[in-house]
There are 2 protein chains.
Amino acid sequence: MGRPIRTRRQATLASLAAELGVSRTTVSNAYNRPDQLSPELRKRVLDTARKLGYPGPDPVARSLRTRKAGAIGLLLTENLSYAFRDPAALGVLEGLALACEDAGVGLQLVPARPGEEDVATVHRAGVDGFVVYSVPDDDPHLNAVLQRPVPTVIIDQPVLSGVDRVAPDDAAAMTTLGYHLIELGHREIGVLCMRLSRDRNDGFASRVRQEKAHYHVQRTRLTTLAESFDAVGVDWSTVPVVERFEHTIDEGASAARQLLDANPQVTAIVCTSDILALGALNEVQRRGLRVPADITITGFDGIADAERAELTTVYQPVREKGRSAGKLLLDPTRRGQGNPMTQQVITLETELRIGKTSAPPRTAEQHWFGP
Amino acid sequence: MGRPIRTRRQATLASLAAELGVSRTTVSNAYNRPDQLSPELRKRVLDTARKLGYPGPDPVARSLRTRKAGAIGLLLTENLSYAFRDPAALGVLEGLALACEDAGVGLQLVPARPGEEDVATVHRAGVDGFVVYSVPDDDPHLNAVLQRPVPTVIIDQPVLSGVDRVAPDDAAAMTTLGYHLIELGHREIGVLCMRLSRDRNDGFASRVRQEKAHYHVQRTRLTTLAESFDAVGVDWSTVPVVERFEHTIDEGASAARQLLDANPQVTAIVCTSDILALGALNEVQRRGLRVPADITITGFDGIADAERAELTTVYQPVREKGRSAGKLLLDPTRRGQGNPMTQQVITLETELRIGKTSAPPRTAEQHWFGP
DNA sequence: AACATGTTCTGAACCGTTACGGTTCCTAGT
DNA sequence: ACTAGGAACCGTAACGGTTCAGAACATGTT
């Protein structure tokens with residue numbers, strides 16, 4: 001298993017051809033089209049290659065010529081710790097990796113730190129396409145990706161015309177969830193949401209901030225929820241929305257604390273993610289409140305931990321999001337697309353999962369809308 | 001945010017230079033060495049580039065010329081579902097991604113299915129180096145990686161002379177764990193281990209199979225444990241070792257069932273991973289046995305779920321494994337290494353964590369070795 | 001014997017860029 | 001007036017392959 005001795009100068013396809021006294025074409029064919037030369041010659045080529053320590057055609061040179069890198073890039077404007085710790089992100093990653101595996105294509109994680117304005121890493125990535133996951137619509141890395149002459153698929157956000165996209169119908173899902181709460185009788189609610197923009201704001205988010213959010217998913221969930229409650233006479237301006245920059249259970253707990261300290265009257269806390277909801281659950285229990293008897297808590301995503309906690313939440317098929325995005329990007333019948341004429345948007349089904357964390361408010365008479 | 005209209009033929013650096021009436025070098029400099037040309041000219045170049053829809057230097061062509069791909073590859077001969085579900089593997093991945101992020105280098109997941117004999121994906125990956133994680137010593141993909149003229153770092157296994165490696169001292173760790181059990185008084189033990197070779201064997205593993213295992217880590221853990229127990233007079237040939245191909249909690253449970261059905265006398269089950277141990281815990285509880293009163297169970301890895309279960313286990317710093325490997329591979333002072341003279345092996349510390357799943361056997365008198 | 005049909009191998013163009021080693025021009029110093 | 005030195009720019013030669021249109025030769029057909 002010893003690796004070949006590194007020679008002073010690496011052998012190339014050309015030097016191998018010279019050594020053998022054949023053309024470069026023939027050597028190339030020996031590797032790529034065995035049927036184009038006699039088995040004897042092919043064996044001789046391969047044997048000599050081994051002798052000379054020629055490792056086979058250089059992948060980069062090949063990529064240049066064939067205009068195929070054999071890999072796609074994933075742009076994820078987040079610290080990696082997020083990508084690998086958040087179950088929803090992980091699901092997307094897994095699905096995407098699966099699609100790549102099926103296609104025999106590499107998946108390159110492109111480094112792009114949140115604060116980083118240097119987009120050179122995007123320009124330098126030798127990939128045949130990009131999947132962009134959950135970035136704000138004003139991110140410079142996103143712009144750099146769109147500049148590249150390769151197909152791109154966006155997962156979740158942002159929504160851009162002319163760019164393929166895979167996403168659940170957040171609006172419909174949130175409407176369903178909102179009406180679940182409305183039917184239960186909740187009128188005094190509070191909301192915990194994830195980061196709305198690249199600038200940090202750990203605290204209450206004004207209605208203007210909500211509507212100007214650069215994270216499309218958060219914006220949609222909030223505005224949709226607002227519409228549902230507006231429709232039953234709740235003035236959304238009075239609904240407290242607490243924002244957190246970091247997306248962790250502890251931050252969810254602290255957000256819940258901030259919310260309840262200022263608004264002890266709320267009968268339900270709607271969270272735009274399960275992680276935040278799990279944190280809220282912790283904080284609420286710490287305060288000695290019972291769920292759902294004293295307070296209702298809902299999440300979003302349908303991660304495994306949420307199921308374990310029997311959280312009322314909206315399930316979305318995260319693995320399928322990644323997989324669909326990968327398949328769409330790698331679909332051989334669609335290569336080289338990217339203009340508005342052929343834009344494709346895949347909408348995934350979500351499902352309201354009513355767990356044991358939602359119930360009518362303590363003192364409310366029920367409001368029924370059904371037949 | 002609209003993307004540029006795709007022209008019939010992509011503009012290149014050369015065509016841009018021609019349009020501007022400057023040399024290609026100048027255009028290249030405009031992008032890569034702004035100090036090499038006047039700001040006015042540079043602006044003119046960049047403006048014209050925008051006008052022509054030139055997306056900047058092609059990454060692949062650049063890589064060919066500079067002999068830098070700007071990415072490293074990760075070879076992981078496993079189904080991706082494993083990589084993303086096993087917390088230990090995930091930790092490694094996270095640490096590695098972190099190191100890449102720090103270096104501004106991409107991380108490419110190279111598709112390499114377990115059964116797949118086609119190693120073309122390895123040959124086609126345009127990367128500056130490889131990290132190999134946990135592959136058997138006879139894997140064809142590994143061989144393909146070693147053929148490539150780029151530096152390689154192996155995490156955990158296999159152990160190859162001349163190839164850099166990052167790994168915990170499995171032998172020392174297992175010895176410590178073994179003596180912990182011996183001191184508690186256990187003499188009738190059973191073992192659950194992960195896959196020993198690429199051929200599937202869900203069941204008991206003979207001593208020969210253990211010693212011939214192609215997965216070095218498993219082999220080391222088993223043989224080390226064997227030595228410890230041999231030293232106190234336990235004939236290892238009588239110790240049942242149950243192997244599982246898939247590494248899941250459920251498989252751990254089924255392995256434990258198989259072990260206990262055939263060997264109800266064992267007082268301790270040593271598992272070579274926490275996942276297996278958690279499965280064993282489930283099975284043992286299903287049988288109505290109490291842990292640790294009736295039976296002792298130990299794991300290996302120190303994953304979060306193990307801590308939650310208060311499992312007696314060996315903690316190893318998985319994130320650090322990935323990080324160290326990345327740093328070692330990307331260390332600019334060591335580029336282009338790979339011969340035996342400079343081989344580097346980084347050994348990481350492990351720690352025996354005694355939880356609440358290990359205790360003296362029911363009927364045993366204690367055997368103390370300490371002072 | 002003439003011709004079609006394969007098989008096997010070759011020559012040259014091309015992929016898009018950057019490294020290298022200049023040349024040219026301008027300014028400041030003497 | 002002459003020159004040293006730096007700034008700005010350029011021409012050429014790689015980088016290491018793949019591809020396509022044939023050439024050369026052997027084989028089968030009529």
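Values in this document were obtained by computation on a predicted structure and should not be read as measured data.

Draft legend 1. View of the domain arrangement of chain A. For chain A, the assigned domains read domain 1 (13-57), domain 2 (71-167 + 318-345) and domain 3 (170-316). Taking only C-alpha atoms into account, the centre of domain 1 of chain A sits 64 Å from that of domain 3 of chain A.

Draft legend 2. Spotlight on the interface of chain A and chain B. Tallying the contact residues gives 58 residues for chain A and 56 residues for chain B. Carbon and sulfur atoms make up 57% of the area that chain A and chain B hide from each other, which totals about 4,900 Å². At the junction of chain A with chain B, the criterion picks out eight salt bridges. Scanning the region where chain A abuts chain B turns up nine residue pairs in polar contact (both at pLDDT 80 or more).

Draft legend 3. Representation of the pattern of salt bridges in the model. Under the counting rule described, the total for this entry stands at 58 salt bridges over all chains. Here glutamate 101 of chain B and arginine 113 of chain A are joined by a salt bridge, their closest N and O atoms 3.4 Å apart. With one member in each of two chains, glutamate 101 of chain B in helix α6 (residues 87-103) and arginine 113 of chain A in the loop between β2 (106-110) and α7 (120-124) form a pair that bridges those chains. For glutamate 101 of chain B, a relative accessible area of 6% translates into the label buried. Among the salt bridges present, the one from arginine 221 of chain B reaches aspartate 170 of chain B, with a minimum N-O distance of 3.0 Å. Remark: aspartate 170 of chain B occurs in helix α9 (residues 170-184) and arginine 221 of chain B occurs in helix α11 (residues 216-231); sequence separation between them is 51 residues. No difference in accessibility class separates arginine 221 of chain B from aspartate 170 of chain B, as the two residues are buried. Within the structure, one salt-bridge network assembled from shared partners comprises Arg257, Asp261, Glu283, Arg286 and Arg287 of chain A.

Draft legend 4. Summary view of the packing of aromatic side chains. All names here are of chain A. Scanning the model with the defined rule gives two aromatic pairs over all chains in all. Ring plane angle 70° and centroid distance 5.9 Å describe the contact between tyrosine 31 and tyrosine 54, whose orientation is recorded as edge-to-face. You can see tyrosine 31 sitting in helix α2 (residues 24-32) and its partner tyrosine 54 sitting in the loop between α3 (39-52) and α4 (59-66), a full 23 residues away along the chain. Tyrosine 54 sits in the buried class, given a relative accessible area of 8%.

Draft legend 5. Layout of the confidence of the model for chain A. Residue and element names in this part refer to chain A. Of all residues in chain A, 93% have pLDDT values of 70 or greater, and the mean over the chain is 89. Note on residues 1-7: pLDDT is under 50 here. Beyond four places in sequence and across chains, it has 16 contacts. Note on residues 364-371: pLDDT under 50 across the span, and twelve contacts to partners over four residues away in sequence or across chains.

Draft legend 6. Seen up close, the protein's contact with DNA strand C. Taken together, the neighbourhood of DNA strand C is formed by 30 residues, with Thr25 of chain A together with Leu13, Ser28, Tyr54 and Arg65 of chain B sitting nearest. For DNA strand C, the fraction of atoms within 4 Å of the protein that belong to sugar or phosphate moieties is 59%. At 2.7 Å, a side-chain N or O of asparagine 32 of chain B approaches a phosphate oxygen of DNA strand C. Of all the secondary structure elements, the ones that give two or more residues to the surface near DNA strand C are α2 and α4 of chain A together with α2 (24-32) and α4 (59-66) of chain B. With five residues, α4 of chain B is the single largest residue contributor to the surface near DNA strand C. Grouping the amino acids of the surface near DNA strand C by side-chain chemistry returns nine nonpolar, twelve polar and nine charged.

Draft legend 7. Representation of unusual backbone geometry within the structure. Residues and elements named next belong to chain A. Note the cis peptide between valine 291 and proline 292, where omega equals 5°. The residue proline 292 is located in the loop between α13 (274-286) and β10 (296-298) in this model. At aspartate 156, a residue that is not glycine, the phi angle is positive and equals roughly 70°.

Draft legend 8. Focus on the protein's contact with DNA strand D. Not every one of the 31 residues close to DNA strand D is listed here, only the nearest: Leu13, Arg24 and Ser28 of chain A together with Thr25 and Thr26 of chain B. For DNA strand D, the backbone portion of the atoms within 4 Å of the protein, that is sugar and phosphate, comes to 57%. A distance of 2.5 Å separates a phosphate oxygen of DNA strand D from a polar side-chain atom of serine 28 of chain A. Within the side chain of arginine 65 of chain B, an N or O atom sits 2.8 Å from a base nitrogen of DNA strand D. Of all elements in the fold, only α2 and α4 of chain A together with α2 and α4 of chain B reach the threshold of two or more residues within the surface near DNA strand D. Here the surface near DNA strand D gets five residues from one element, more than from any other, and that element is α4 of chain A. When the residues that make up the surface near DNA strand D are grouped by side-chain class, the tally is nine nonpolar, twelve polar and ten charged.

About the cut-offs
Residues numbered from 1 in each chain as written. Chains lettered and ligands numbered in written order. Predicted model: local features only at pLDDT ≥ 70, side-chain atom pairs only at ≥ 80, totals over all residues. Heavy atoms only, no water. Domains from an automatic or database assignment. Contact = heavy atoms within 4.5 Å. Buried area = accessible area lost by both parts, 1.4 Å probe. Salt bridge = Lys/Arg side-chain N within 4 Å of Asp/Glu carboxyl O. Polar contact = N/O pair within 3.5 Å; in protein donor to acceptor, adjacent residues only side chain to side chain. Helix = DSSP H or I, 4+ residues; strand = E, 2+ residues; numbered from the N terminus. Buried < 20%, exposed > 50% of the residue type's maximum accessible area, 1.4 Å probe, protein only. Phe/Tyr/Trp six-rings, centres within 6.5 Å; stacked < 30°, edge-to-face > 60°. pLDDT = per-residue confidence, 0-100. Near = heavy atom within 4 Å. Nonpolar A, V, L, I, M, F, W, Y, C, P; charged D, E, K, R; others polar.

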